[in-house]
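# Survey of secondary and tertiary structure
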2 protein chains.
Amino acid sequence: MEFITGGVTAAKGFLAAGVEAGVKYQNRKDMAMVYSETPCRAAGVFTSNVVKAAPVLWDKNVVTKSGAAQAVVVNSGIANACTGKLGMEYCEKTAQAAADALGITADSVLVCSTGVIGMQLPIEKLEAGAKELAGVLESTLEAGTLAAEAIMTTDTVSKQVAVQTQIGGKTVTLGGMCKGSGMIHPNMCTMLAFVTTDVNISKELLQEALSADVQDTFNMVSVDGDTSTNDTLLVLANGQAGNAEIVEKNADYDAFLQALHAVNETLSKKIAGDGEGATALFETKVVHADTKENAKKLAKSVITSSLTKAAIFGHDANWGRILCALGYSGVQFDPEKIELYLESSAGKMLIFQDGVAADYSEEEATKILSCPEVTAFVDMKMGGEEATAWGCDLTYDYVKINADYRS
Amino acid sequence: MEFITGGVTAAKGFLAAGVEAGVKYQNRKDMAMVYSETPCRAAGVFTSNVVKAAPVLWDKNVVTKSGAAQAVVVNSGIANACTGKLGMEYCEKTAQAAADALGITADSVLVCSTGVIGMQLPIEKLEAGAKELAGVLESTLEAGTLAAEAIMTTDTVSKQVAVQTQIGGKTVTLGGMCKGSGMIHPNMCTMLAFVTTDVNISKELLQEALSADVQDTFNMVSVDGDTSTNDTLLVLANGQAGNAEIVEKNADYDAFLQALHAVNETLSKKIAGDGEGATALFETKVVHADTKENAKKLAKSVITSSLTKAAIFGHDANWGRILCALGYSGVQFDPEKIELYLESSAGKMLIFQDGVAADYSEEEATKILSCPEVTAFVDMKMGGEEATAWGCDLTYDYVKINADYRS
């Protein structure tokens with residue numbers, strides 16, 4: 001398996017586009033479309049929030065009940081959440097406009113929205129946008145990039161990835177794009193992520209692979225602890241790679257799962273590193289935990305701690321906050337036994353051992369913490385399980401962005 | 001029952017003091033003592049964090065095993081958490097120094113610390129401070145205020161309360177002081193709270209009253225979602241009011257519980273309103289929930305939402321974030337049925353109803369949100385249970401304080 005340049009248009013048969021539809025923002029791209037030349041098997045995971053945006057409800061229906069999916073239409077700026085019956089009607093109208101322009105049926109069109117909650121969509125603009133998108137679809141890398149840019153809200157960079165692997169003697173490609181960057185605590189977020197692939201796989205196994213992998217990737221990301229009303233991760237597989245259909249958990253399935261994991265993990269880290277206002281990707285890796293579930297709880301507790309996040313912003317090795325966050329994670333352990341290291345491209349340093357601070361240099365620790373990617377490495381010494389979670393630092397800009405988001 | 005002026009010295013027989021011991025801070029009071037002329041029955045609730053500070057372990061032992069408690073010694077600046085065996089030894093030395101100066105035994109001295117985690121206490125300064133404190137104890141209101149000031153860390157104001165009630169024909173007084181203001185998400189925090197009372201009550205009922213009331217008061221407060229290693233709430237009752245001992249749950253017990261609740265709720269709100277960097281107390285009241293537990297989960301989810309807290313700081317009626325936080329609380333409900341109001345001294349306004357935004361004025365909403373105490377009022381329309389939680393807004397100053405706390 002190798003990483004290649006590209007995004008949602010990397011796999012065979014996929015086209016994309018991004019345009020300025022004027023949904024809420026002016027003078028920036030705010031609608032995207034992904035389209036497969038042939039019908040796809042679709043899998044999806046969605047927010048666990050009880051308050052689900054209208055497009056989440058629409059897409060769940062398409063993924064579970066439709067025979068096939070062939071297109072995704074996305075708008076940024078307005079989330080179409082808490083919008084009642086009108087919100088559902090606008091989903092259907094957007095899907096229908098796309099379907100008409102593409103010559104397919106509305107129930108094969110997935111619809112996603114991200115942005116402010118509670119505002120109604122300007123439906124005429126959505127319909128016009130869907131039509132415009134259908135007319136400018138391309139299979140180029142540039143078209144994928146336009147789509148990735150159009151789904152951004154407070155993101156500062158667009159997020160794409162693509163990998164290739166060999167399955168059954170055929171080259172299989174997976175491409176993805178996603179957006180963050182606030183209300184990110186997927187418990188699958190205003191997170192949207194899209195993976196396209198030309199693999200030939202049964203719908204059941206596609207969903208199973210996605211549902212399993214998301215537990216170790218997107219669900220291990222948190223920017224602010226807020227699980228959005230709109231979180232959606234969709235995978236479209238059109239089978240154009242020509243491999244024999246994957247219908248059981250064999251070596252081909254494993255190869256696909258490995259490639260899917262690479263795509264999901266890369267997208268997850270991009271979301272965390274570009275969290276609202278963030279200056280650093282903050283990773284916590286827990287090893288030698290007694291159970292996988294506990295490893296996850298511990299890792300997630302650290303990356304969601306506001307105090308720890310603020311210390312990372314300050315490049316301050318305030319490790320007591322990390323110990324504190326481990327302690328309130330809900331996991332039972334003996335603080336005397338664990339070891340804590342701080343790690344980045346500047347080095348790795350033992351910080352805490354035998355229940356007390358190790359003899360470390362604050363100056364060196366600050367150097368480690370001044371890198372754009374910082375890891376807290378926790379050795380629980382209890383068992384054989386591990387987990388990694390990804391977050392970001394808490395900065396003035398997070399407050400600025402969110403004290404003034406709607407205006 | 002009525003509120004009176006005062007704090008930990010309000011009840012009969014209690015003395016207090018606060019001095020500059022130079023533990024970590026310079027030129028500010030950083031050690032306090034509370035002392036009862038006669039032995040007290042003590043009750044306490046402590047952090048649920050697995051990583052417990054040394055004084056938490058010390059105090060648990062005193063509360064559960066000692067015959068009586070008679071003094072509390074507190075230092076700010078250093079938390080004596082993650083300090084290993086030496087940390088425990090320093091607790092004992094501090095208690096012993098206080099006991100020697102007061103002519104009591106070390107096992108009747110409670111010890112509390114708050115401040116940075118992982119640093120060892122300068123024990124000679126603690127011992128000298130304990131001795132100095134014992135020499136300047138007074139029963140005046142001013143002495144109580146000195147003690148309340150000495151326990152502050154990033155708090156901007158000292159926090160005291162006192163109430164009087166009639167029990168069995170006698171005037172019973174309760175006084176309290178506490179400190180926040182970061183790492184505040186008590187699950188019985190770097191929260192410390194002390195209540196002194198002259199009520200005559202059995203030790204069992206004192207602990208039962210405290211454990212019950214804390215669920216609706218301190219445990220409903222969150223500044224940043226971080227449950228500290230040091231959270232401690234202690235109640236000392238010396239019986240000097242002269243009421244017949246409360247040994248069963250009768251009208252006397254109810255009167256005491258009501259007074260204790262008033263003290264605990266007042267202290268809880270003071271902690272929330274003075275959260276690190278906060279400009280506003282943010283209260284969420286949930287009514288007509290199906291169960292008490294669900295009412296609490298809903299209320300707490302809203303006041304801990306970073307996005308909602310940032311919106312409160314921005315005086316922005318971004319109610320979608322409140323709906324979102326209710327939705328990921330873990331409680332099942334129908335978003336179409338609930339009603340959301342925003343309320344403050346500037347008025348009360350319906351914001352959300354029937355699954356969509358109510359027809360409200362953004363200008364008026366901003367006026368409501370510009371007050372120093374703001375309430376989100378949520379009517380679940382599901383049952384008869386309610387709960388209130390207290391937090392604060394998320395501001396630039398929270399980040400500033402915590403990116404740079406140790407330096």
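Quick note: structure is the one above.
Everything numeric here is computed off the predicted structure, so don't read it as measured data. (Residues numbered from 1 in each chain as written. Chains lettered and ligands numbered in written order. Predicted model: local features only at pLDDT ≥ 70, side-chain atom pairs only at ≥ 80, totals over all residues. Heavy atoms only, no water.)

## Details of the side chain of Ser 36 of chain B
Residues and elements named next belong to chain B. In this structure, Ser 36 sits in strand β3 (residues 31-46). With a relative accessible area of 0%, Ser 36 lands in the buried category. One polar contact links Ser 36 to Asn 238, side chain to side chain, over a distance of 3.2 Å. With residues near it in sequence (within four places) discarded, Ser 36 still touches Gly 13, Phe 14, Gln 70 and Asn 238. (Helix = DSSP H or I, 4+ residues; strand = E, 2+ residues; numbered from the N terminus. Buried < 20%, exposed > 50% of the residue type's maximum accessible area, 1.4 Å probe, protein only. Polar contact = N/O pair within 3.5 Å; in protein donor to acceptor, adjacent residues only side chain to side chain. Contact = heavy atoms within 4.5 Å.)

## What to know about the interface of chain B and chain A
If you look at the interface, chain B gives 55 residues, while chain A gives 55 residues. In total, about 4300 Å² of surface goes out of reach between chain B and chain A, with carbon and sulfur atoms giving 62% of it. Our count for the chain B to chain A interface comes out at eight residue pairs in polar contact (both at pLDDT 80 or more). Among the elements of the structure, α8 (306-313), α9 (319-327), β13 (356-357) and α11 (396-403) of chain B are those that each provide at least two residues to the side of chain B that touches chain A. Split by residue class, the side of chain B that touches chain A holds 27 nonpolar, 19 polar and nine charged. (Buried area = accessible area lost by both parts, 1.4 Å probe. Nonpolar A, V, L, I, M, F, W, Y, C, P; charged D, E, K, R; others polar.)

## A look at the packing of helix α7 (residues 292-303) of chain A against helix α9 (residues 319-327) of chain A
Residues and elements named next belong to chain A. Between α7 and α9, the least distance of the axes is 8 Å, while the angle of their chain directions is 135°. When the axes of α7 and α9 are compared, the pair comes out oblique. For the pair α7 and α9, the sense of crossing is right-handed. On α9, the residues that touch Leu 298, Ser 301 and Val 302 of α7 are Ile 322, Ala 325 and Leu 326. (Axes fitted to C-alpha atoms, helices over the stretch in contact; angles between N-to-C directions. Parallel < 35°, antiparallel > 145°, perpendicular 65-115°, else oblique. Left-handed = near helix turned anticlockwise from the far one by under 90°.)

## Section: the pairing of strand β8 (residues 192-197) of chain B
Where a strand is regular, its side chains alternate between the two sheet faces. Residue and element names in this part refer to chain B. For β8, a buried count of six out of six residues is recorded, marking the element as mostly surrounded by other parts of the structure. Covered by surrounding structure in β8 are Leu 192, Phe 194 and Thr 196 together with Ala 193, Val 195 and Thr 197, the residues of both alternating faces. Where strand β7 (residues 170-179) and β8 come together, six bridges link them in antiparallel fashion. By the bridge assignment, Gly 176 is partnered in β8 with Val 195. (Pairing = 2+ DSSP bridges.)

## Some details on the environment of Asp 107 of chain A
Residue and element names in this part refer to chain A. Within the fold, Asp 107 resides in the loop between α2 (84-102) and β5 (109-116). Classification of Asp 107 by relative accessible area gives partly exposed; the value is 43%. Aside from chain neighbours lying at most four places away, what touches Asp 107 is Val 62, Ser 66 and Ala 68.

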